[in-house]
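Single-letter residue listing:
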Amino acid sequence: MVDNRIDLAVVGRRVLTARGFEPAAVLISDGQIADVVKPADVPSGCAVEKADDDIVVMPGIIDTHVHVNEPGRTEWEGFETATKAAAAGGVTAIVDMPLNCIPVTTTLEALRTKLDAIRGLLRVDCGFWGGVVPGNADSLQEMVEAGVLGFKCFLIHSGIDDFPNVQERDLRIAMPILAKLGVPLLVHAELDCGASACASEETLSKAPRSYRAYLDSRPRRWENDAVKLMCRLQEEFKGRVHIVHLSSSDAVPFIRENKAKGMSLTAETCPHYLTFAAEQIPDGDTRYKCAPPIREGANADRLWSALQDGTIDFIVSDHSPCTPELK
């Protein structure tokens, strides 16, 4: 029987379904998935595209945390190469962070500059985060009206001087505005509370290539205290708060408790925090250097548990390229 509603059937031997990988057909109607059926149940008369046997057919990945760096730092990466690479890896939508580009996306004018620079370059769907920095509260509403999905802030130095971190007084200005607008505040949750005792300035200066020294210089307490601060402010101002790239499993109970109170708090983590372990990172291998840092294997196990029970909501890449010399 001909089903005129189905425009296309994508058939493959390795289709990812709720049951795992299996032979199946993805039925598409008017650009949307209508059903997933057995290959024998493809309606007659519709177009069929067969995937090679070694190809995985799966939902497109949405990566909500990437740094593409255009305009301004395209020697690090630009939207053309970033979106081509995303498409090649099965990522069909990305959301770009507001820093590392020049100008940083903290005003409507800067957003328009970015959109003008990337016109015609995108190979996947793309959304944009704005930034909350000291003094830009008046720009937040007009950026939302222009299409920004939410706003990122840092509680610690961001790594670039043109995107300064906020203090609690800045958050008290911005959070009521964002709550009224109904958009999330994304938080790089580290508060500089001082390094641990074993990571004194003397220790770091004597062992600048030591991964252990670097790890100790950004202890879990920095993340834990930052998450507690955001939980407290969210209870006061409500609105939506999202903790980006959670590394410390010690902060999980604060997130779980906040969610139990009915607060709209979400959290993400990254593959590197789930996959690598500090004990296995060799000294001097800067490929593993990130902030917050990759912690111990036992910490990764607890992050997996928090992901499985829903306390951590999803995984993002935090894709943030730069030149090899800078790394």
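See above for the structure.
Since the model is a prediction, treat every value here as computed from it, not as a measurement.

A. View of the sheet that holds strand β12 (residues 240-243). Pairing is parallel across the open sheet formed by six strands, whose spatial order is β9-β10-β11-β12-β13-β14. A strand with exactly one partner marks an edge of an open sheet, and here the two such strands are β9 (130-131) and β14 (314-315). As defined by bridge partners, strand β13 (residues 264-269) adjoins β14 across two bridges and the pair is classed as parallel. What sits directly across from threonine 269, in β14, is isoleucine 315.

B. Geometry of the pattern of salt bridges. Summed over the entire model, instances satisfying the criterion amount to 21 salt bridges. Between aspartate 313 and lysine 259 there is a salt bridge; the shortest N-O distance is 2.8 Å. Here lysine 259 lies in helix α8 (residues 252-260) and aspartate 313 lies in the loop between α10 (297-308) and β14, a separation of 54 residues in the sequence. Of the residues examined, lysine 259 reaches a relative accessible area of 24% and is grouped as partly exposed. When salt bridges with common partners are traced through the structure, they connect Arg212, Asp216, Arg220, Asp250 and Glu296 into a single cluster.

C. Looking closely at the sheet that holds strand β6 (residues 61-66). If you walk across this open sheet you meet the three strands as β6-β7-β8, and the pairing is parallel. Where the open sheet ends on each side, the last strands, each with one partner, are β6 and β8 (125-128). This sheet shows a mean twist of 20° between the axes of neighbouring strands, independent of strand direction. Bridge count between strand β7 (residues 91-96) and β8: four bridges; the pairing is parallel.

D. Layout of the state of the cysteines. Taken as a whole and judged by the stated rule, the model has zero disulfides. As a non-bridged cysteine, cysteine 290 has cysteine 270 as the owner of its nearest cysteine sulfur, 7.8 Å distant. You can see cysteine 322 has no disulfide; the closest cysteine sulfur is in cysteine 290, sitting 12 Å from it.

E. A look at the environment of arginine 295. Structurally, arginine 295 is set in the loop between α9 (271-275) and α10. Given the relative accessible area of 4%, arginine 295 is considered buried. Sequence-wise, arginine 295 and isoleucine 177 are 118 residues apart; in three dimensions their C-alpha atoms are separated by 35 Å. Here arginine 218 takes part through its backbone oxygen, which lies 3.1 Å from a polar atom of the side chain of arginine 295. A polar contact is formed between the side chain of arginine 295 and the side chain of glutamate 223, at a distance of 3.0 Å.

F. Spotlight on helix α1 (residues 79-88). Within the sequence span of α1, burial applies to Phe79, Ala82, Thr83 and Ala86. Take α1 and look down its axis: the buried residues cluster within an arc of 90°, on one side only. Summarising the contacts, the buried residues of α1 are in contact with β7, α2 (108-118) and β8. Once α1 finishes, glycine 90 follows within two positions and takes phi at roughly 85°, a positive value.

G. Local environment of the pairing of strand β2 (residues 20-29). By the bridge criterion, eight bridges tie strand β1 (residues 8-17) to β2 in an arrangement that is antiparallel. Along β2, the bridge assignment pairs valine 15 with glutamate 22. Where β1 hands over to β2, the hairpin turn is made up of two residues, counted between the paired strands. Note: β2 against strand β3 (residues 32-37), five bridges, orientation antiparallel. Counterpart to serine 29 in the pairing with β3 is glutamine 32.

H. Representation of unusual backbone geometry in the model. The omega torsion of the bond from glutamate 70 to proline 71 falls at 5°, within 30 degrees of zero and hence cis. Along the chain, proline 71 turns up in the loop between β6 and α1. Cis peptide bonds are those with omega within 30 degrees of zero, and the linkage from isoleucine 102 to proline 103 qualifies with 5°. Following the sequence through the fold, proline 103 ends up in the loop between β7 and α2. Located in the positive-phi region is aspartate 30, a residue other than glycine, with phi close to 55°. Positionally, aspartate 30 belongs in the loop between β2 and β3. Judged by relative accessible area, aspartate 30 falls into the exposed class, the value being 69%.

I. Region of interest: the environment of methionine 143. Relative to the helices and strands, methionine 143 is located in helix α3 (residues 140-145). Along the backbone, methionine 143 and tryptophan 129 are 14 residues apart, and their C-alpha atoms lie at a distance of 9.5 Å. Apart from residues lying up to four places away in sequence, methionine 143 is in contact with Thr105, Thr106, Thr107, Leu108, Leu111, Gly130, Val148 and Phe151.

Parameters at a glance
Residues numbered from 1 in each chain as written. Predicted model: local features only at pLDDT ≥ 70, side-chain atom pairs only at ≥ 80, totals over all residues. Heavy atoms only, no water. Pairing = 2+ DSSP bridges. Helix = DSSP H or I, 4+ residues; strand = E, 2+ residues; numbered from the N terminus. Salt bridge = Lys/Arg side-chain N within 4 Å of Asp/Glu carboxyl O. Buried < 20%, exposed > 50% of the residue type's maximum accessible area, 1.4 Å probe, protein only. Axes fitted to C-alpha atoms, helices over the stretch in contact; angles between N-to-C directions. Disulfide = S-S within 2.5 Å. Polar contact = N/O pair within 3.5 Å; in protein donor to acceptor, adjacent residues only side chain to side chain. Arc of directions from axis to C-beta. Contact = heavy atoms within 4.5 Å.

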